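Structure assessment
Letter by letter, the chains look like this.
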Number of protein chains: 4
Amino acid sequence: MPDDLKIAVIGGGYMARAHSVALAALPVYVDDLPFQPIREVICDATGDLAAEAARRFGYNRSSGDWRAVVEDPDVDVVDVVLPNDLHLEVVEAALAAGKHVTCEKPLANTAAECAHLLAAAEKAGVVHQTGLNWRLAPAVQQARRLIEDGTIGEIRDFRGFWLADFGADASSPMTWKYRKESAGSGSLGDTGSHVIDFARYLAGEFASVVGLSRIHVPERTPAGGGAPEPVDVEDDAAFLAEFTGGAYGYVQLTRSSPGRKNHCGFELHGSKGSVVFDWERMNELRVYDSRDAKDRQGFRTVLMGPAQPYGGQFWRVPGYQIGFGETKVLQFMELVRAIGGQGDVQTSFLDGLRAKQVEEAVEASIDTRAWTEVAR
Amino acid sequence: MPDDLKIAVIGGGYMARAHSVALAALPVYVDDLPFQPIREVICDATGDLAAEAARRFGYNRSSGDWRAVVEDPDVDVVDVVLPNDLHLEVVEAALAAGKHVTCEKPLANTAAECAHLLAAAEKAGVVHQTGLNWRLAPAVQQARRLIEDGTIGEIRDFRGFWLADFGADASSPMTWKYRKESAGSGSLGDTGSHVIDFARYLAGEFASVVGLSRIHVPERTPAGGGAPEPVDVEDDAAFLAEFTGGAYGYVQLTRSSPGRKNHCGFELHGSKGSVVFDWERMNELRVYDSRDAKDRQGFRTVLMGPAQPYGGQFWRVPGYQIGFGETKVLQFMELVRAIGGQGDVQTSFLDGLRAKQVEEAVEASIDTRAWTEVAR
Amino acid sequence: MPDDLKIAVIGGGYMARAHSVALAALPVYVDDLPFQPIREVICDATGDLAAEAARRFGYNRSSGDWRAVVEDPDVDVVDVVLPNDLHLEVVEAALAAGKHVTCEKPLANTAAECAHLLAAAEKAGVVHQTGLNWRLAPAVQQARRLIEDGTIGEIRDFRGFWLADFGADASSPMTWKYRKESAGSGSLGDTGSHVIDFARYLAGEFASVVGLSRIHVPERTPAGGGAPEPVDVEDDAAFLAEFTGGAYGYVQLTRSSPGRKNHCGFELHGSKGSVVFDWERMNELRVYDSRDAKDRQGFRTVLMGPAQPYGGQFWRVPGYQIGFGETKVLQFMELVRAIGGQGDVQTSFLDGLRAKQVEEAVEASIDTRAWTEVAR
Amino acid sequence: MPDDLKIAVIGGGYMARAHSVALAALPVYVDDLPFQPIREVICDATGDLAAEAARRFGYNRSSGDWRAVVEDPDVDVVDVVLPNDLHLEVVEAALAAGKHVTCEKPLANTAAECAHLLAAAEKAGVVHQTGLNWRLAPAVQQARRLIEDGTIGEIRDFRGFWLADFGADASSPMTWKYRKESAGSGSLGDTGSHVIDFARYLAGEFASVVGLSRIHVPERTPAGGGAPEPVDVEDDAAFLAEFTGGAYGYVQLTRSSPGRKNHCGFELHGSKGSVVFDWERMNELRVYDSRDAKDRQGFRTVLMGPAQPYGGQFWRVPGYQIGFGETKVLQFMELVRAIGGQGDVQTSFLDGLRAKQVEEAVEASIDTRAWTEVAR
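To start, this report covers the structure provided alongside it.

Reading the values: the criteria
- Residues numbered from 1 in each chain as written.
- Chains lettered and ligands numbered in written order.
- Predicted model: local features only at pLDDT ≥ 70, side-chain atom pairs only at ≥ 80, totals over all residues.
- Heavy atoms only, no water.
- Pairing = 2+ DSSP bridges.
- Helix = DSSP H or I, 4+ residues; strand = E, 2+ residues; numbered from the N terminus.
- Axes fitted to C-alpha atoms, helices over the stretch in contact; angles between N-to-C directions.
- Contact = heavy atoms within 4.5 Å.
- 1 Å grid on protein atoms, 1.4 Å probe; cavity = no way out; pocket = protein on both sides within 12 Å on 5 of 7 lines; lining within 4 Å.
- Points joined across faces, edges and corners; volume = space filled by probe spheres on them.
- Nonpolar A, V, L, I, M, F, W, Y, C, P; charged D, E, K, R; others polar.
- Least-squares fit on C-alpha atoms with pLDDT ≥ 70 in both.
- Salt bridge = Lys/Arg side-chain N within 4 Å of Asp/Glu carboxyl O.
- Buried < 20%, exposed > 50% of the residue type's maximum accessible area, 1.4 Å probe, protein only.

Turning to the sheet that holds strand β2 (residues 35-43) of chain C, a few remarks are in order. Residue and element names in this part refer to chain C. On the basis of which strands lie adjacent, the open sheet formed by 6 strands has the order β3-β2-β1-β4-β5-β6 and parallel pairing. Looking along the sheet, the strands with just one partner apiece sit at the ends: β3 (61-63) and β6 (128-130). Taking the axes of each pair of neighbouring strands and ignoring which way they run, one obtains an average angle of 25 degrees across the sheet. Across 4 bridges, the pairing between strand β1 (residues 3-10) and strand β4 (residues 77-80) is parallel. Bridge pairing in β4 links I10 to V80. Each of β1, β2, β4, β5 (100-103) and β6 is contacted by helix α10 (residues 324-339), which is oriented at about 165 degrees to β5, the strand it contacts most.

The following block contains the structure:
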């Protein structure tokens, strides 16, 4: 029986539930973990809320004092699922206490802050992870395999997208997502980091960008009624990009595109083959191999299963299907293995930093209406 | 905090893992359950195997003696995931001990045995469930909603299918699935029960059937080598059907269809609309509503999410995707709620009985090469 | 400049227009025809109707007397596009006059009549063709190529379908298609012949069948109003089949399936590969080759173009798309070439006969509710 | 019988064949044309070539002298299908002779030349048409209808694309398409004009653009062998755009994207609905209407047929399919009707001019690496 690895989850909201499901399922799904992950303690804004979260999500303990938790000697890992502007302080404290840390994206509000946390994590010598779990989907991992083994050839172009429609209706109420004060940014910061991560994972580092943004619904009425309030973060962001390896790209992020529920993915063409992915069909990867004979070549719809990376952690039959939840299982699987010395996490704080650097360059390019280099 | 509901899982194989993941995730996913499901004890062929299963799948206790477990006063629910020919005896004993029982399909080897267990369960006054979880997928539930609310109109025809290819390759080795002695039947009994369940759930009860079967690969070589052995259960079964409500249907079940990994689903046409489903895209339902205006009517690709039945138990965003695992969560959710007096399970022993009755009629129609009435 | 080949079209309705477009386009599309096809004369029920048809469809002459036309020494080919019950007499007369004959399906109303016409055509030594143009679509031709070159392996099962919805609405008016007197049969005779032809072309000859039929809308009101009239031909027909080569099949034919506009095609699985086709996407063939590597195998969506049989007669770029019209061009291309001694037509009167033999066996199996052998 | 409209086709290549098929089919497909279109004369580089083209494509006369033809009093319409750099002179002469003119895109090599021809055509008072037939596809026309009738609402973003792979393989030989001298430009000028036309037709006029281009294969070897030659026109062009109405867009044009055969289309989101089109499935339009009920909303796959604009010119059944050829029939149908005073052509010289203005702005934005206003 492996030793326990005691995890503290800081935050008790929607994503805390997703993390908790993953932590509950992880040891049942995956054999031979170096540690047994334990839902040790969950922390929320008050002790009462935390107690309720502990009951619902299955934690041994609860607390309303995050600082005490991250410093608790009986905690091995800190998992940060707080609102964005609280990440910096909590991660910093956890690192100072020598804990392994996994943090939801964005790692922090600015690239400078992300760089600071990365340096602190490296100094602490702990395992650090940014919650960019979307790239862990077997279809995305398989796309990378096809690039690495030469099937795709030299990468020519990449198009990444996350189109959604939760904000499409102008009569849907004002929420924190539409205010700069609370949200920091709109689609670019919200879903953009995952798409930027797809791009970096598959097409390499960004060299320069030029973008635009739109607020389609300039004001919204609060749920309870009253005067409309201004929306001051973008509904859509879109940008052209050049990669350091020579490829070019386009990224589009929206929340106002009717019918697009979670249309998150990419298409990538290389000199020899192509791959296309859409999370709305996350168990499929469309693959084209130009070596197929002329009269029978076409995009293949490849169903994920045991033959693809991470596809075998779950079901033995391709097409049984996994969902978003299993990508969180994979995130924690990588974390636990890395802590046990079995490989690295794919998405460290460095990846959180890189995503933020690209976002900042896009924002600058929108402000200046000019091609802008991406710092690194 | 709700009271504990102590569950004993009888069987330690592949499906036991799937059940255990679901039991681990259930209380984290679903609020307000009437009981807290507890992975109390797991039973396997020997005490050692059971202990190993308990460790891996997270049970409090383990046992190599199933009879002791089902009679254990500290067990509330018995979950049977054994090989098919052991179902009868274990379920019977569990019912005799007054336990609630959930049993993987097939409920038993013959319709007569199924009827016997149904009667025993009703006499015991417990909650009884057959593991026909596939119909619990939100897309299947939504199809039923569209039928019930009149969108589809009178049902005209139903086509159900489960095409797979794990046996397509004649050089793949001999296994228990290809022997009548161990498997009982081939595709008809294996995946057929789920497709028959789709049909009954959506198109109503079967009246009569006429079918055929095929063994495409007549002999296979054992994995370790040696002389080829005969395959004596069908690779494919297919049958025409008439439903009591007037509709007709076709069901096809295979394991030798190249490229079909888990192509399990249905198409159903009514007088006003149509629905199409394929588990390989289990988070989608294709829906046609003939009331749409002529120049903009077409099958809609509806993504499952909170708006569909059971779609809201998991993620708030349509398209985030769930997989096979979540349908097992739903199965246990129904079970726990029914035990708590909150509604009925959708798939009781009666559904297990009905599926077997249809299978037996199909087998008879193949033997006699004649239309055969389905007993009920 | 090749010699003229003077064609007489007998019939002036909707299909006459389709044939005339094809005859107009054929010599422009296709180089090196052995003859120059000439729209010489068109025949309709009266001289006035025929004159109008000649003007609209571009014929040199017109006539209200079909017998004079088929005996006209200045006519080389007779093309019969009349209502079904007139085929026999006209084709017979044309053959007696020594003309090459192409005839829309059904060749005649009974298999016996078809056999009679086949014998007459063979005795006359002319080129004879049944208008089973749907199999000439490049995607269907490519499916056959994949079978012939061994990619698909031994054929295991075939599913053919033509689902439509023009009769789905019970309030749509009574027409000749719903009366046995005028239509002979319903879906089975209407679209069934093409699907049976797909089956024979790809899976081989039929051995035995067992079917059923349904009239979903038992009476319809004439367009001008008045009392509802009974529908006495089937809306749907469906049958199981066994092929002489060992494969089994299912064929479904409807006109009452909401949302199915022209859902005409097949899926076929063999021991090594599979093909799927749907006329609603007639420029695509879905192909699965089990030899593809495990982690990147999947159905390929192959776009038709110059690399496929007959795909190069039209556009140089795959994906430019052709439609129904071009399959009629191909039908006449085969006819003209066969008359010029360049190969045979793929769909002779024999194919018209075979289709009718299968239809008659299906009808018998419905009447007797029993498996029925297909005569040949 | 309508009067003849005598058409002179200037150019005898591949596109001349496509035009000739369309002219042959037009009067057979379409009733009640104001004139009977006549393939009067075809012109090629020499008299011999022209005579051969006349024979193959069905013209009454042929000529090696284009100037004589465009000035021939017995010609009513001049149809220019020459290499791009000859358009200006021929169109100018035809207009000077008072002929109606239809000209393949690009109308001329520069926006200034296009403007000159537009002015000349307006002064001549003739019907003038640019061959932007791709927008005439029923699915594109239907997309416009949905915008005009308010289904889509305010347009938010447009993505247009034409991805192809005929140049993907670096070993494919050098041709005129890869030389600036002969081709003028690469993908931007080749297929870009059609995509720009989609954008203008659906999303309105362009305000500003910023783009990039790539030459993926920097040199190619001539077909006959010899030293590799440099490629000096872009393989890919891509640009961000802002429209005068407030929407934004992205356009991507390639010929080096493996697996993309003729992936030409658009996706457009508005405030209330969305449309998606891909020529590889040109008989479909995907439509989302946000007014559909929450639990059954999804993109509809609408099959083109009589219910859509121009869909009824061909077949009575949705899903019978038309192809590229029929869009050329529609182009000439519009031309003949406009000459007969029945409405305007949709794609006049003005549309040819506008496309070129956008192309020039994109080129400037690539050269300057800056957002560039589009002249109008």
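The subject of this paragraph is empty space enclosed by the protein. This structure, assessed with the given rule, holds 12 cavities of 30 Å³ or more. The calculated volume of the largest cavity comes to roughly 120 Å³. Lining the largest cavity are 16 residues, with Y29 and E326 of chain C together with V21, Y29 and E326 of chain D sitting closest to its centre. Among the elements of the structure, α1 (14-29) and α10 of chain C together with α1 (14-29) and α10 (324-339) of chain D are those that each provide at least two residues to the lining of the largest cavity. Top element by residues in the lining of the largest cavity is α1 of chain D. It accounts for 5 residues. Class assignment for the residues of the lining of the largest cavity results in 12 nonpolar, 2 polar and 2 charged.

With that settled, the discussion passes to the sheet that holds strand β3 (residues 61-63) of chain D. Residues and elements named next belong to chain D. Taken in spatial order, the 6 strands line up as β3-β2-β1-β4-β5-β6 in an open sheet, and their pairing is parallel. Bordering the open sheet on either side are β3 and β6 (128-130), each of which pairs with just one other strand. Going from strand to strand, the sheet's axes swing by 25 degrees on average, the running direction of each strand aside. Pairing of strand β2 (residues 35-43) with β3 involves 3 bridges; the strand directions are parallel. If you follow V41 over to β3, its bridge partner there is R61. Along the sheet, helix α11 (residues 349-368) contacts β5 (100-103) and β6; its crossing angle with β6, the most-contacted strand, is approximately 40 degrees.

What follows concerns the environment of S271 of chain D. Tracing the chain through its elements places S271 of chain D in the loop between β13 (263-270) and β14 (273-278). Along the backbone, S271 of chain D and R156 of chain D are 115 residues apart, and their C-alpha atoms lie at a distance of 6.7 Å. S271 of chain D has contacts with A168 and P258 of chain A together with I152, G153, E154 and R156 of chain D, leaving out every residue within four places of it along the chain.

Let's shift gears to the relation of the copies chain D and chain A. For these two chain copies, the linking operation is a rotation about an axis paired with a shift along it. Superposition of chain D onto chain A requires a rotation of 180 degrees combined with a translation of 0.0 Å along the rotation axis, giving an RMSD of 0.0 Å. The operation mapping one copy onto its partner corresponds to a two-fold rotation axis. Taking the C-alpha atom as reference, chain D places A370 of chain D closest to the rotation axis, 3.0 Å from it. Comparing interface residues between copies, 98% of those in chain D also sit at the interface in chain A, which points to an isologous, same-surface contact.

Take the pattern of salt bridges next. With the rule as written, the count across this model stands at 129 salt bridges over all chains. Measuring nitrogen to oxygen at the nearest pair gives 3.1 Å for the salt bridge that ties R369 of chain D to E242 of chain A. Here R369 of chain D is found in the loop between α11 and β17 (372-373), whereas its partner E242 of chain A is found in strand β11 (residues 236-243) on a different chain. Looking at R369 of chain D, the relative accessible area reads 36%, which means it is partly exposed. E242 of chain A gets classed as buried once you look at its relative accessible area, which sits at 13%. Here D190 of chain D ties to K105 of chain D by a salt bridge, and the two come within 3.6 Å at their closest N and O atoms. Taken together, the positions of D190 of chain D in helix α8 (residues 187-190) and K105 of chain D in the loop between β5 and α5 (111-124) put the pair 85 residues apart, joining distant regions of the chain.

Function-wise, these values are silent; they only describe arrangement.
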